[in-house]
Amino acid sequence: MLKLCFSTLGCPELGLDGIIALAQKTGTSLLEFRGISGEVKNDRIADFTAERLAATKEKLDAASLKTQVIGTSCSFHDRTPGKLDASIEEGILSARIAAALGAKYIRVFGNKMVDENSPKDVADGIAALCSSIPEDVTVLLEDHGDFNSEPTLGKVCDFLAGRNNFGLVWDIWHSDVSYGDRWPEFYELFKPLIRHIHMKDAKEGYKLCLPGEGTFPIVPILKALDADRFGGAVSLEWERKWHPELEPLDLAMEAFKKLAAPFTE
C-alpha cells in the first residue's frame, strides 16, 4: 500500500498545533514540513529552534505523527560568492532538524541552468552537503526548474552516482513540463533514485486545481508506484502558501485520498 502525506505549504495559516489537528482530521500520519505559521525558512521557525525541537518531537509523537521530509530553500545553481556556502549551511541546519524529528529526508533544488557547467556545479554543492550531514538523513533533489529532464537532471545524478545519502523528489508538475503524457519515460529513467513524490493537479495552462479535476495522470502514476511497491511517501503539495486563492487543504486532501483509495486501502 502507498503511504500518503501532505506538505505544510498547504496550510500556511496554521501553527504546529493546527498542523497536528489537521493531520488528525484528515487521517494523515506522515508530514512534510515546508514552513510553520507561514514562515518557510527553517532557521526562523520557532518550533525548530534548539530550545523547542524536543518539545516539537514530543507533540508529534503524542499524536502518532511522523515527519517524512524537511523542505528547504537550498538552491545550488548560483555561483555568486557566499550563495553556495549559505545553501550548504541551511542544508546542514535542516538536516539536523530532520534528524532530531526522526525524518529521513531534506529536499533541495538545482533550479536554473546558468551555463553548461551548471549540472556539475549543482552536483558539487549537493555532494558537499551530503558529506556534512548525519548519515541517516538523505538529500533529495527535486526535479524543479531547469532540472526536470534527462539532459540536466540526469547529468547531476550521474555526477552523484554511488552516494548513499542522495536521491530524488519526483514532482509530477515539473516533469510534466518536459514529458507530458510520456511520464513513464521519466519514471523509468529515475525510478532507482526516487524516494518521495510531490503530487498535485492542474488544468490547461497549469492552473492548479483539486486532485482529480485536472489533466495530470495522478491515478496511472499511483498505480505504477503501487505496482512497484514504492516505499516512500506520496505527498500532496497543495501550494496554498504561494496561491492563497486555493481551497483549504482538508478539502484537497479529501479529494486526493479518494483518488488514492485503491492503492492505500
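Scroll up for the structure.
A short tour of the structure in this document, coming up. (Residues numbered from 1 in each chain as written. Predicted model: local features only at pLDDT ≥ 70, side-chain atom pairs only at ≥ 80, totals over all residues. Heavy atoms only, no water.)

**Things to note about the overall build of the protein**
Broken down by element type, the protein carries 9 helices and 10 strands. The burial tally for the protein puts 55% of its 265 residues in the buried class. In the protein, once contacts between residues fewer than 6 apart in sequence are set aside, the share between residues at least 24 apart is 76%. Per element, the accessible surface of the protein, about 11,700 Å² overall, is 50% carbon and sulfur. Charge-centre separation for the protein: the mean point of 30 positive side chains lies 3 Å from the mean point of 41 negative side chains. (Helix = DSSP H or I, 4+ residues; strand = E, 2+ residues; numbered from the N terminus. Buried < 20%, exposed > 50% of the residue type's maximum accessible area, 1.4 Å probe, protein only. Contact = heavy atoms within 4.5 Å. Areas by Shrake-Rupley, 256 points an atom, 1.4 Å probe, with all protein chains shown as cover. Lys, Arg positive; Asp, Glu negative; His and termini not counted. Charge placed at Lys NZ, Arg CZ, Asp CG, Glu CD.)

**Re the packing of aromatic side chains**
Scanning the model with the defined rule gives 9 aromatic pairs in all. Ring geometry for Tyr179 versus Phe186: centroids 5.5 Å apart, planes at 70°, classification edge-to-face. Each of the two residues, Tyr179 as well as Phe186, counts as buried. Three or more aromatic residues joined by ring pairs form one cluster here, namely Trp170, Tyr179, Trp183, Phe186, Tyr187 and Phe190. The ring centre of Phe159 lies 5.9 Å from the NZ or CZ of Lys120, which sits over that ring. (Phe/Tyr/Trp six-rings, centres within 6.5 Å; stacked < 30°, edge-to-face > 60°. Lys NZ or Arg CZ within 6 Å of the ring centre and 35° of its normal.)

**Structural notes on the packing of helix H5 (residues 150-159) against helix H7 (residues 183-190)**
H7 packs onto H5 with a crossing angle of 10° between their chain directions and a minimal axis gap of 12 Å. Between H5 and H7, the interaxial angle falls into the category roughly parallel. Only Phe186, Leu189 and Phe190 of H7 make contact with H5, whose side of the interface consists of Glu150, Leu153, Gly154 and Cys157. Of the residues in the contact of H5 with H7, the class split is 5 nonpolar, 1 polar and 1 charged. (Axes fitted to C-alpha atoms, helices over the stretch in contact; angles between N-to-C directions. Parallel < 35°, antiparallel > 145°, perpendicular 65-115°, else oblique. Nonpolar A, V, L, I, M, F, W, Y, C, P; charged D, E, K, R; others polar.)

**Concerning the sheet that holds strand S10 (residues 233-236)**
Pairing is parallel in the closed barrel, where 8 strands are placed in the order S1-S2-S3-S4-S5-S6-S7-S10. When strand polarity is set aside, the average angle formed by the axes of neighbouring strands in this sheet is 30°. For strand S6 (residues 166-171) and strand S7 (residues 194-199), the ladder comprises 4 bridges, and the chain directions are parallel. The residue bridging Trp170 from the neighbouring strand is Ile197, located in S7. Running over the sheet, helix H4 (residues 118-130) touches strand S4 (105-109), strand S5 (138-142) and S6 and is turned about 155° from S5. Contacts from helix H9 (residues 249-264) reach strand S1 (3-7), S7 and S10, with the element oriented near 160° to S1. (Pairing = 2+ DSSP bridges.)

**A look at unusual backbone geometry**
Despite not being glycine, Asn111 has its phi angle at roughly 80°, a positive value. For Asn111, the position within the fold is in the loop between S4 and H4.

**Looking at the pairing of S6**
The element S6 is extensively covered by neighbouring structure, given that 6 of its 6 residues are classed as buried. Here S5 pairs with S6 via 4 bridges, running parallel. Bridging from a neighbouring strand, Val139 pairs with Phe166 of S6. Between the parallel pair S5 and S6, the chain is carried across by H5, and the sense of this crossover is right-handed. (Right-handed = clockwise from strand over helix to strand, strands pointing away.)

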